[in-house]
Amino acid sequence: MKTRAIAIFVLSIAVVSTGAYIILRLNPNRSNNPTDSTIHQSFTDNKQGISFDYSSTLKQIELNGDDLKDNFVFRAENIYNTDPPILISVRYENGLKAASTVTKQSKIELVMQNLRKAYPKRFPSFEEVSSNKTEIDSKTAQEVVFTYTSNSINSKQRLLIIDKNEDTVIYVSMQSKNSDYDKLDSEIFTPITNSIKIK
């Protein structure tokens, strides 16, 4: 039972990381003309009870069957051409109460434990930059920032792990090229983080 419960978290971490990793590609359909990042649009998923605002420089990506199977509720990338693109994703994980009870760890502690095992294998040249406890709309959360290199491009990602309730966590991933990260963090990633509401 304990092994099976922990395996759930390993799979969860793998899905989150794979979703960020395989989409690192140049989309020829995006425009080369950026728009004003101070103009925002809104996203709401009533089923999972999450909502947030995001920049008009981002375009929501239609979820496919695999995305839905892996519990993604939102994907977006920038509408103007960059390589790699700016990527935002949101997914949830249910059924975690049992694993937390068996291991006598909080859901976030267990996720972090497995993240640190799985991410160095999943992301080439993975390096954890920071990991801090925080709150998102009064919910306990962990913010992890890390870098990795793929196809000679160094990327940086902020991952929010939000403890929604006793059985569910929500993952919010935001990433870009490392050299662009600080500017985009100020203009796009932090405003998204600050606008998140959990019901």
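Now for a description of the structure that goes with this document. Because the structure is predicted, anything quoted here is derived from the model rather than measured.

### So, the overall build of the protein chain
Stage number 1. Looking only at helices and strands, one finds five helices and 10 strands in the protein chain.
Stage number 2. Contacts spanning at least 24 positions in sequence make up 53% of the contacts within the protein chain whose residues lie at least 6 apart.
Stage number 3. Total accessible area on the protein chain is roughly 9700 Å²; 47% of this is exposed by carbon and sulfur atoms.

### Things to note about the sheet that holds strand β3 (residues 58-60)
Stage number 1. The strand order β3-β4-β5-β9-β8-β7-β6 describes an open sheet built from seven strands, whose pairing is antiparallel. Single-partner strands in this sheet number two, and they are β3 and β6 (127-136). Looking at each pair of strands side by side, their axes are set apart by 20 degrees on average, direction ignored.
Stage number 2. In this structure, strand β4 (residues 72-78) lies alongside strand β5 (residues 87-93), joined through five bridges in antiparallel fashion. Bridging from a neighbouring strand, Phe72 pairs with Arg91 of β5.
Stage number 3. Helix-sheet contacts for helix α4 (residues 107-122) involve β6, β7 (139-150), β8 (153-165) and β9 (168-177), and the interaxial angle to β8 is about 155 degrees.

### Some words on the pattern of salt bridges
Stage number 1. Tallied over the full model, the rule gives eight salt bridges.
Stage number 2. Asp67 serves as the salt-bridge partner of Arg75, at 3.1 Å between the closest nitrogen and oxygen. Considered together, Arg75 and Asp67 belong to a single accessibility category, that of buried residues.
Stage number 3. A salt bridge links Glu128 to Arg116, with the nearest nitrogen and oxygen atoms 3.0 Å apart. Of this pair, Glu128 sits in strand β6 while Arg116 sits in helix α4, placing them 12 residues apart in sequence.
Stage number 4. With relative accessibility at 43%, the residue Arg116 sits in the partly exposed group.
Stage number 5. Residues joined by salt bridges that share partners form a network here, namely Glu143, Arg158 and Asp185.

Definitions and cut-offs
Residues numbered from 1 in each chain as written. Predicted model: local features only at pLDDT ≥ 70, side-chain atom pairs only at ≥ 80, totals over all residues. Heavy atoms only, no water. Helix = DSSP H or I, 4+ residues; strand = E, 2+ residues; numbered from the N terminus. Contact = heavy atoms within 4.5 Å. Areas by Shrake-Rupley, 256 points an atom, 1.4 Å probe, with all protein chains shown as cover. Pairing = 2+ DSSP bridges. Axes fitted to C-alpha atoms, helices over the stretch in contact; angles between N-to-C directions. Salt bridge = Lys/Arg side-chain N within 4 Å of Asp/Glu carboxyl O. Buried < 20%, exposed > 50% of the residue type's maximum accessible area, 1.4 Å probe, protein only.

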